[in-house]
Amino acid sequence: MAGGRHSSAGPEREGRSPAFYAVCAAAVIGIVASVVVVVQSVRSWADECGQVADYTLAADPSIAPALAGILGEARSTDLGCANIAVSGATSGDIAGRLGKGTGAPDLWIPDSGAWVGKAALTAAGPVEVMTGSVASSPVVLASREEDAPTSPTWLAALQIKDIQLGNPLVTGVAQAPINAALAEGRADPVSAGTVRAALVPLAQEESARTADEPVGEEMLQGVVDNGGVAVATEQSVLEFTDGDGARTLAATVPPTGSNFMNFPLVVTSPAPDRHYKATQVARAVAAVLGGEVARAVLAEHGFRGPDGSPPADGRGVGRVTTLALDDESPLQDALGGWALMALPIRTLVAIDVSGSMETPAGNRSRMDLTVDAALAGNAMFPDSVSAGLWAFSQGLGGGPQDYQELVPIRRYDTVVDGLTQRALMAQQAGKVEGLIGGGTGLYDTTLAAFRTVQDTYDPRAVNSVIILTDGANEDPDSITKEQLLSILEREMDPARPVIIVTIGITDDADAATLAEISRVTGGSSYVAKDPADIANVFVNALAARGRS
């Protein structure tokens, strides 16, 4: 029964592959968990199909091994005359790929349908749900039998000392307890604030973490070895448990119920022609995964059917009431609060070194004051901050490139050639005055900086670009403002958000354009009308990172 203690011992399943999560944090947290298994029919069906085409399917790592086995045994004719390459990847990572339009799979099975709506908002191509669920599994509290909690609610579970939640910005499993806790109190107007308050210590612990949190089998083994309570799925506990009882864990849920992972099948190929063909293949895949043979294999791997009915063999936590929000906006608000509490600063600072930065500001120059601002920010923030430094003006990087990297993004406590990153940032900031010259290469630099931070995204940080400039774009060979805004809007990725903070130096800055650039990425824009205010504006912009 839900809320009771259940030993999840089960027979060892031959050929079981260990689940591997790369969490948002992990490496989400957004690094790809990647064992790629090319699934081909054991016999040639080319004569029946005429031609067999290759398609890719990215699936949550927990279900990827089962899918590889099922689709590997299916005939190509049953798969729409296709070979399917199955890869394991976190849901947050694939949502990010869809936003970029590169590296997107043809088909996708995330852990939760909640990712589909998020990805569709910024995907480069259509995102179409083929079937709402190919399998399901309730989220549970995993522990040693003797440590099994008796939490009356998920709100109480979130307050268990040292509970291992994971990163809710990267996986649906980590989001589930928050969703369930909010659903428990949806009739209570103060409940959402209570849930957010319960998340504060968990988020702060995430912020202080210096190593990746264990996930998947590693996390569950840690519970066996060291005790404690971890958030997991019933399926992962069943899959982990050995038949000889050496790795037995208890799986429990509060009596209020639980949130389910539902593993929808989604068509995600961005190109229209390819998407149409992938849709035909997806229909065939859905039919195969809905068949008796596939259901049996999924059950052997610990999954429930799409209806969430308990396993027929009595394993697991029994019948569970579904806890889910009808309106997910409270969940998104809670996740936004988590991001601000849990994620440290990770930023790329780009300083305008165009000729106008030599303009006098009192008895000094605009550049002198800008460097002072950068040094002030550099000195006040903790070692958990990661930062890098660029300078930009037209042609500064050689040829058409308007930017030059001075220091790559690293944590402040990283030591390079005997100097900390903090010292390197200060050293290079003091040298930018020697680079002054040329026009303002704003648009190309902004896009390059955005893409650099997105490509090196850290799911355990608020990732941002900070542009300091006293002018408007002056590079006639650069992209236009309209092109920049369009590209930023298209490439903004809800799973890998990068905000752009713009700081205009004096009224000469193109404040309206800077505000548009920031707004399209969810960032903030500031103007230091008095050059003496530059330092305060810069520090406030860093501290505000993403609150707008």
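You'll find the structure just up there.
Quick caveat, the model's predicted, so the values are computed rather than measured. (Residues numbered from 1 in each chain as written. Predicted model: local features only at pLDDT ≥ 70, side-chain atom pairs only at ≥ 80, totals over all residues. Heavy atoms only, no water.)

J.: Just checking my understanding: could you explain the overall build of the chain for this structure?
T.: When helices and strands are counted, the chain shows 18 helices and 20 strands. Within the chain, the proportion of its 548 residues that are buried is 56%. Carbon and sulfur atoms provide 51% of the accessible area of the chain, an area that totals close to 21,200 Å². (Helix = DSSP H or I, 4+ residues; strand = E, 2+ residues; numbered from the N terminus. Buried < 20%, exposed > 50% of the residue type's maximum accessible area, 1.4 Å probe, protein only. Areas by Shrake-Rupley, 256 points an atom, 1.4 Å probe, with all protein chains shown as cover.)

J.: How should I be thinking about unusual backbone geometry in this particular structure?
T.: Peptide bonds are mostly trans, and most non-glycine residues show a negative phi. In this structure, D162 takes a positive phi of about 60° despite not being glycine. Summarising the element assignment, D162 is placed in the loop between α5 (154–158) and α6 (172–184). What makes D162 exposed here is its relative accessible area of 54%.

J.: I keep staring at the layout of surface pockets and nothing clicks. Help me out?
T.: Empty space among the atoms becomes apparent when a probe as large as a water molecule is rolled across them. When its volume is computed, the second largest pocket comes out at roughly 350 Å³. N259, F260, N262, T322 and A324 are, among the 24 residues lining the second largest pocket, the residues nearest its centre. Mapped onto the lining of the second largest pocket, the elements with two or more residues apiece are α6 and β9 (260–261). At four residues, α6 tops the list of elements feeding residues into the lining of the second largest pocket. Taken together, the residues that form the lining of the second largest pocket break down as nine nonpolar, 11 polar and four charged. (1 Å grid on protein atoms, 1.4 Å probe; cavity = no way out; pocket = protein on both sides within 12 Å on 5 of 7 lines; lining within 4 Å. Points joined across faces, edges and corners; volume = space filled by probe spheres on them. Nonpolar A, V, L, I, M, F, W, Y, C, P; charged D, E, K, R; others polar.)

J.: Before we go on, may I ask you to explain the state of the cysteines in this structure?
T.: Defined simply, a disulfide is a covalent bond joining two cysteines at their sulfur atoms. Counted according to the given criterion, the structure contains one disulfide. The disulfide that involves C49 links it to C81, with 2.4 Å between the sulfurs. Where C49 bonds to C81 through sulfur, the torsion about that S-S bond is close to -90°, and the disulfide is left-handed. Here C81 lies in the loop between α2 (64–73) and β3 (82–88) and C49 lies in helix α1 (residues 46–49), a separation of 32 residues in the sequence. For C81, a relative accessible area of 22% corresponds to the partly exposed category. (Disulfide = S-S within 2.5 Å.)

J.: Is there a simple way to explain the nonpolar core in this structure?
T.: It is characteristic of soluble globular proteins that their nonpolar side chains tend to be buried jointly. Counting residues in each nonpolar core, the largest one holds 61 residues, and the members touching the most others are L57, I63, L71, I84, L107, I109 and V285. Looking at this core, the element that brings in the most residues is α6, giving eight residues. Of all hydrophobic cores here, the second largest spans 29 residues; its members include I345, L424, I466 and I505. (Core = buried A, V, L, I, M, F, W, Y, C linked by side-chain atoms within 4.5 Å.)

J.: Help me understand the pattern of salt bridges in this model?
T.: Any two side chains of opposite charge can pair if their charged atoms end up close together. All chains considered together, the criterion is met by 12 salt bridges. Of the charged contacts, one joins E234 and R304 as a salt bridge, the two residues approaching to 2.8 Å between their closest N and O atoms. With E234 in helix α9 (residues 234–240) and R304 in the loop between α11 (292–300) and α12 (329–342), this residue pair connects regions lying 70 residues apart in the sequence. Looking at E234, the relative accessible area reads 0%, which means it is buried. A salt bridge links R411 to D413; the shortest N-O distance between them is 2.9 Å. (Salt bridge = Lys/Arg side-chain N within 4 Å of Asp/Glu carboxyl O.)

J.: Before we go on, may I ask you to explain the packing of helix α16 (residues 481–491) against helix α17 (residues 511–521) in this structure?
T.: Describing two packed helices takes the angle between their axes plus the distance from one axis to the other. Viewed as axis vectors pointing N to C, α16 and α17 meet at an angle of 15°, and their least axial separation amounts to 9 Å. The orientation of α16 relative to α17 falls into the category roughly parallel. Like other packed secondary-structure pairs, α16 and α17 cross with a definite hand, here right-handed. Between α16, through K481, L484, L485, L488 and E489, and α17, the contact on the second element is made entirely by T513, E516, I517, V520 and T521. (Axes fitted to C-alpha atoms, helices over the stretch in contact; angles between N-to-C directions. Parallel < 35°, antiparallel > 145°, perpendicular 65-115°, else oblique. Left-handed = near helix turned anticlockwise from the far one by under 90°. Contact = heavy atoms within 4.5 Å.)

J.: I tried to follow the sheet that holds strand β20 (residues 525–528) on my own but got confused; where do I start?
T.: Within a sheet, each strand pairs with its neighbour through backbone hydrogen bonds, oriented either parallel or antiparallel. Here six strands make up an open sheet; going across it, the order is β15-β14-β11-β18-β19-β20 and the pairing mixed. On the outer flanks of this sheet lie β15 (403–411) and β20, each paired with one strand and no other. On average, each strand axis in the sheet is inclined to that of its neighbour by 15°, with strand direction left out of account. As paired strands, strand β14 (residues 386–392) and β15 are joined by six bridges and run antiparallel to one another. Bridging from a neighbouring strand, F392 pairs with Y403 of β15. Contacts between helix α14 (residues 421–429) and the sheet are confined to β14 and β15, with β15 contributing the most and set at about 160° to the helix. Its contacts with the sheet place α17 against β18 (462–469), β19 (498–505) and β20, and it is angled at close to 165° to β19. (Pairing = 2+ DSSP bridges.)

J.: Even after reading the chapter, I still don't get the packing of aromatic side chains, so can you show me in this structure?
T.: The description of an aromatic ring pair uses the distance of the two centres, along with the angle that the planes make with each other. A complete count under the given rule lists two aromatic pairs for this structure. Ring centres of W390 and Y403 lie 4.3 Å apart, and the angle between their planes is 10°; this geometry places the pair in the stacked category. In this pair, W390 sits in strand β14 while Y403 sits in strand β15, placing the two residues 13 residues apart along the sequence. Taking the ring centre of Y55 as reference, the NZ or CZ of R274 above it sits at 4.2 Å. (Phe/Tyr/Trp six-rings, centres within 6.5 Å; stacked < 30°, edge-to-face > 60°. Lys NZ or Arg CZ within 6 Å of the ring centre and 35° of its normal.)

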